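# Coordinates in review
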Amino acid sequence: MASTTRTQRWLMLYVGSVIAVGLALLLGALPTVGQRPWAFAGLLVLASALSALKIHVPLARGWATMSTSFAALFVAMLTIGFEPALVIAAVSGWVQSAFHSKTRSPFWRHLFNSAMLVLSVGAAGWTFAWLGGQFREITQELDVGPLIGATAAYFFANSLIVSTAVAVSTGQRLWRCWHDNFLWTAPGYFLTAAVVSLATLVAQYRRWDLVLFVLIPVAFIYHSYKVYFGRLHDEQKRVQAMADLHATAREDLAAEKERLAVTLRSIGDAVITTDLQGRVTMLNVVAEQLTGRPQDKALGKAIDDVLCLWDPEGTTVQEVPIARILDTGRMPDSETNASLIAPDGARLSVNLTGAAMSDGEGQKVGVVLVVRDVTESVRLTQERVRASKLESLGVLAGGIAHDFNNVLTAVVGNIALAGSDETLSRETATWLEEAERACLRARTLTHQLLTFSRGGDPVKRPMHIGPLVDATVRFAVSGSNVRCTVDVAHDLWAVEADEGQIEQVVHNIVLNAKQAMPRGGQVHVTCSNARLAPVAEVPGAPRQFVRITVRDHGVGIPAEHIERIFDPYFTTKPSGTGLGLAVSHAVIKNHGGLLHAESTIGAGTTFHILLPRSTKRVPAVAATPLAAIPHGAGRVLVMDDDRSIATVTASMLRTLGYTPDIASDGEMAVEKYVQALEIGEPYRAVVMDLTVPGGMGGAEALAQLREIDPRVCAVVMSGYADTGLLADYQQVGFAGRLAKPFSLRDLAVTLHDLLADARRRVTN
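Values in this document were obtained by computation on a predicted structure and should not be read as measured data. (Residues numbered from 1 in each chain as written. Predicted model: local features only at pLDDT ≥ 70, side-chain atom pairs only at ≥ 80, totals over all residues. Heavy atoms only, no water.)

## Overview of the overall build of the protein chain
Going by this rule: Strands are runs of DSSP state E lasting at least two residues, helices are runs of H or I lasting at least four, and both sets are numbered from the N terminus onward. Between buried and exposed lies partly exposed: a residue is buried under 20% and exposed over 50% of the maximum accessible area for its type, with that area taken using a 1.4 Å probe on protein chains only. All accessible areas in this document rest on Shrake-Rupley with a 1.4 Å probe, and a residue is counted as covered only by the protein chains that are shown.
Helices and strands together make up the secondary structure of the protein chain, namely 25 helices and 21 strands. Counting every position in the protein chain, which comprises 764 residues, the buried fraction comes to 41%. Summing over all exposed atoms, the protein chain offers an accessible surface of approximately 41,800 Å²; the carbon and sulfur share of this is 58%.

## Considering the confidence of the model for the protein chain
This is how it is decided: pLDDT expresses how confident the predictor is about each individual residue, on a scale running from 0 to 100. Here, two residues are considered to be in contact whenever any of their heavy atoms come within 4.5 Å of each other.
Per-residue confidence for the protein chain gives a mean pLDDT of 76; residues scoring 70 or more make up 74%. Below a pLDDT of 50 lies the segment residues 59-64, which in the model reaches 16 contacts outside its immediate sequence neighbourhood of four places, other chains included.

## Quick word on a nonpolar patch on the surface
Spelled out, the test is: Residues enter patches when their relative accessible area tops 30% and they take part in no salt bridge; the joining distance is 9 Å for like charges and 5 Å for the nonpolar side chains Val, Leu, Ile, Met, Phe, Trp and Tyr. Here a salt bridge means any side-chain nitrogen of Lys or Arg lying within 4 Å of a carboxyl oxygen belonging to Asp or Glu.
On the surface, a cluster of nonpolar side chains totalling about 240 Å² of accessible area is made up of Phe-156, Leu-160 and Leu-174. With respect to the helices, strands and loops of the structure, Leu-160 is situated in helix H6 (residues 144-170). In this structure Leu-160 comes out as partly exposed when scored by relative accessible area, which is 35%.

## Comments concerning helix H19 (residues 580-590)
Buried residues of H19: Leu-581, Ala-582, Val-583, Ser-584, Val-587 and Ile-588, and no others. Where H19 is buried, its residues meet helix H17 (499-515), strand E15 (594-600) and strand E16 (604-612). Gly-592, located one to two residues past H19, shows a positive phi value of around 80°.

## What about the sheet that holds strand E13 (residues 521-531)?
We count it as follows: The rule for pairing is simple: two strands pair if DSSP sees at least two bridges between them. Fitted lines through C-alpha atoms give the axes, limited to the stretch in contact for helices. The angle between two N-to-C directions lies from 0 to 180 degrees.
Read from one edge of the open sheet, 5 strands run E11-E13-E14-E16-E15, paired in mixed fashion. Looking at which strands have only one partner, the edges of the open sheet turn out to be strand E11 (482-488) and E15. On average, each strand axis in the sheet is inclined to that of its neighbour by 15°, with strand direction left out of account. Of the pairings in the sheet, the one linking E15 to E16 comprises 7 bridges and is antiparallel in character. In the sheet register, Leu-594 faces E16, and the bridge partner there is Leu-610. Together, E11, E13 and strand E14 (544-551) form the strand contacts of helix H16 (residues 466-477), whose direction differs from that of E11 by roughly 175°. Relative to the sheet, H17 contacts E11, E13, E14, E15 and E16, its axis offset from that of E16 by approximately 170°.

## What to know about the sheet that holds strand E9 (residues 364-373)
Taken in spatial order, the 7 strands of this open sheet run E4-E3-E9-E8-E7-E5-E6, and their pairing is antiparallel. The open sheet has two edge strands with one neighbour each: strand E4 (280-283) and strand E6 (317-318).

## Quick notes on the nonpolar core
Quick note on the threshold: We call a set of buried Ala, Val, Leu, Ile, Met, Phe, Trp, Tyr and Cys residues a nonpolar core when their side-chain atoms join them within 4.5 Å.
By size, the foremost hydrophobic cluster in this structure holds 40 residues, and its most contacted members are Ile-465 and Ile-609. Ranked by residues supplied to this core, first place goes to H17 with 6 residues. With sequence-adjacent residues up to four places away left out, Ile-465 is seen in contact with Leu-492, Val-495, Ile-502, Val-546, Ile-548 and Leu-611. Membership of the second largest hydrophobic core comes to 33 residues, among which are Leu-26, Ile-80, Leu-86 and Val-118.

## Here's the deal with the side chain of Asn-284
Applied cut-off: Whenever a nitrogen or oxygen atom comes within 3.5 Å of another N or O atom, the pair is scored as a polar contact, on the condition that within protein one atom can donate a hydrogen and the other can accept it, and that pairs from neighbouring residues in sequence are kept only if both atoms are in side chains.
Assignment of secondary structure puts Asn-284 in the loop between E4 and helix H10 (285-291). Among the polar contacts made by the side chain of Asn-284, one reaches the main-chain amide nitrogen of Val-271 at a distance of 3.0 Å.

## Considering the pattern of salt bridges
Pairing is possible between side chains that carry opposite charge, provided their charged atoms lie close to one another. Across all of its chains, the model carries 7 salt bridges by this definition. Here Arg-635 makes a salt bridge to Asp-661, at a shortest N to O gap of 3.7 Å. Of this pair, Arg-635 sits in strand E17 (residues 635-639) while Asp-661 sits in strand E18 (residues 659-663), and the two are 26 residues apart along the sequence. Judged by its relative accessible area of 21%, Arg-635 is partly exposed. The salt bridge involving Lys-672 is made with Asp-661; its shortest N-O contact spans 3.9 Å. One end of the pair, Lys-672, is in helix H21 (residues 666-678); the other, Asp-661, is in strand E18, and 11 residues separate them in sequence. Residue classification places Lys-672 among the partly exposed positions, given a relative accessible area of 23%. One network of salt bridges, with partners in common, ties together Arg-635, Asp-661, Lys-672 and Glu-681.

## Focus: the packing of H21 against helix H22 (residues 698-708)
Filter applied, for reference: Oblique is the label for any angle not covered by the other classes, which are roughly parallel (under 35 degrees), roughly antiparallel (over 145) and roughly perpendicular (65 to 115). Two helices that cross are described as forming a left-handed crossing if the nearer one is turned anticlockwise from the farther one by less than a right angle, and a right-handed crossing if clockwise. Basically, the charged four are Asp, Glu, Lys and Arg, the nonpolar ten are Ala, Val, Leu, Ile, Met, Phe, Trp, Tyr, Cys and Pro, and anything else, Gly included, counts as polar.
Relative orientation of the contacting elements H21 and H22 amounts to 20°, with a least axis distance of 9 Å. What the angle tells us is that H21 and H22 run roughly parallel. Note on packing geometry: the crossing formed by H21 with H22 is right-handed. From H21, Gly-666, Val-670, Tyr-673, Val-674 and Leu-677 reach across to H22, where they touch Ala-701, Gln-704, Leu-705 and Ile-708. The residue makeup of the contact of H21 with H22, split by class, is 7 nonpolar, 2 polar and no charged.

## Quick look at the environment of Leu-44
By the secondary structure assignment, Leu-44 is in helix H2 (residues 37-52). For the pair Leu-44 and Ser-92, spaced 48 residues apart in sequence, the C-alpha separation works out to 7.7 Å. For Leu-44, the contacting residues outside a window of four places in its chain are Ile-88 and Val-91.

## Section: the environment of Val-506
Following the sequence through the fold, Val-506 ends up in helix H17. On the basis of relative accessible area, Val-506 is assigned to the buried category, the value being 1%. In sequence terms Val-506 and Ile-609 are 103 residues apart; their C-alpha atoms lie 8.8 Å from each other. Excluding residues that lie within four positions of it along the chain, Val-506 makes contacts with Val-469, Thr-472, Val-473 and Ile-609.

## Things to note about H17
Defined as follows: Any helix carries an expected span of 1.5 Å times its number of residues minus one.
For H17, which comprises 17 residues, the first-to-last C-alpha distance of 24 Å matches the rise-based estimate of 24 Å (1.5 Å per residue) to within 8%. For H17, the tally of buried residues reaches 13 of 17 residues, placing the bulk of the element in the interior. Backbone nitrogen of Gln-501 and a side-chain oxygen of the N-cap are separated by 3.2 Å at the start of H17; the cap is Asp-498.

Next up, the structure:
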């Protein structure tokens, strides 16, 4: 900023000095104007006209502007004298500065141009007189010496005054500025002086025969200059065209490089290029991240030193086949899959493709490699395979659970019937009761199978969960070297839960705790009430929970694994499936609760199960003797495709006082129900199996029965083969449900309660 101000100050000082000196000379010459007024006026008009007529001369670096007013000024100096010529020069300079100007020039620039011509004419006149020339006395023996000197003085004065101003304003050297921009105009001044001198002699002495001698050289010189400037102009156009083409090519190249760079940055694959010897010439950002080598450290290195590949199993090193890619033009199919050790130590599965690069003449110049991280894709493929296997296992597990429950139903029913014989001894009755309880406990095993089946929706009911947790924990550690303590708060809130699913969750967690202590130890389980703030994982969750805490003193879970223990298929056990905790997490989530863990290596692990408090009031379980099994009367229709289950259920109903009837599928059940209505002996209740292979199941049959008799009282029984429908049995139209296997008491209580409700509705 300071340098710019200093330059402007020097330029103003220089311009002012030139203007001041020029004005001083002009003021001294003004009195001489009236000596030859007509000649003065004519030469003034001629000089002004020539000043307005500017000649644009093409140069290699641009254009220059020439004025032919020097001819008129030279004629005026020779014919009417030195002083009048100064006045004509001032007017000519003003016209030259102002005429045909594309931009409006400031006043000081006009003054500077006029002063510059005044000083130029003054220098020419002084030199002419100093060399012995005579103004206004032209003879045939016109001395050449003073003319040459005057012309040189005019040229040097004119060019130096202007080049000095340019050099000061632009910071160039004066010599370089004058040499490059003004030296080339010198021949024009001397040619003009010669022509003017000859023309003056012709006019002075009436030697018109010399006109041709003057005009022919002028025409020849004009034609020569025209040809020269024309060629120079054409050359300038060619140079400019080449410069434009070069600039366009550079811009296109820069744009192409930028597009390539943007493309390489935007794609998610690693791109590496090599030369014919397999040395790295370029790699993008993804390649830098994948290999852990920045580009400045990878350039020039062998590709195998930068891209360290292994076979897919990670057992042997796999070289990049640069030579074979150059020979065949592409990557061998047998080597497209590989593994790569990432900078963080993780083993990645990658897919490698490559192709040979050629120049414009078809000569191969290198290889481009594209490395794609397919680790996630491989993992998803493996999980899809596992999911497919799991789905097949789920179908099998659901079928096994259904059939197993059917078998248990027949066993439990027959045991119940045998136990109802009053002639049995007390000891035999006790054995039958234990057998029945064992069969009902075996029902929990089917819940494990149902984890893999198509269902899984919880069939929730209000309950006190303390006794369930206590029994499950003790059963899980029985027969092992692990002891357990179970503390249940005396005022523990009730929850709404699926008994079988919660039992499975607790069993899975306690089993993990037992396996974490292979040398034995102790598992502490507590059930308590918890008041928590709303949590983000359960939007709108109640603040009150029942907390089940399971703490062991095992080896603990590493910090890098604690966040993944609930992921499907994640396991650190050689024989584990990684499904136990994943299923537990899903079960608790479906209950509207939370399951999380905290662990310290060497100190053990603690799991927290949070279940929402039930909004329903559930009376505490009284330790009173069981009430007598309620009996009833009336016709009851039993529909089940398994003949043994239908028969034992009918026997149980008969023992309870009912009159049973049997149907093997839904169509038969609908037919029997209609017949009973027609003869006036309707069924008080219908007990139907949910699924009938190859026939109409309970849900379809009930839909038809409700059209026939909207007041039909139906109970669904199922082996949990479709827990989603069993959980929403009331939405389908069933009034009650029985989960196989069921005891005589379960059947009696369910029918008694439903029929009592039906009687109350009719009475009201």
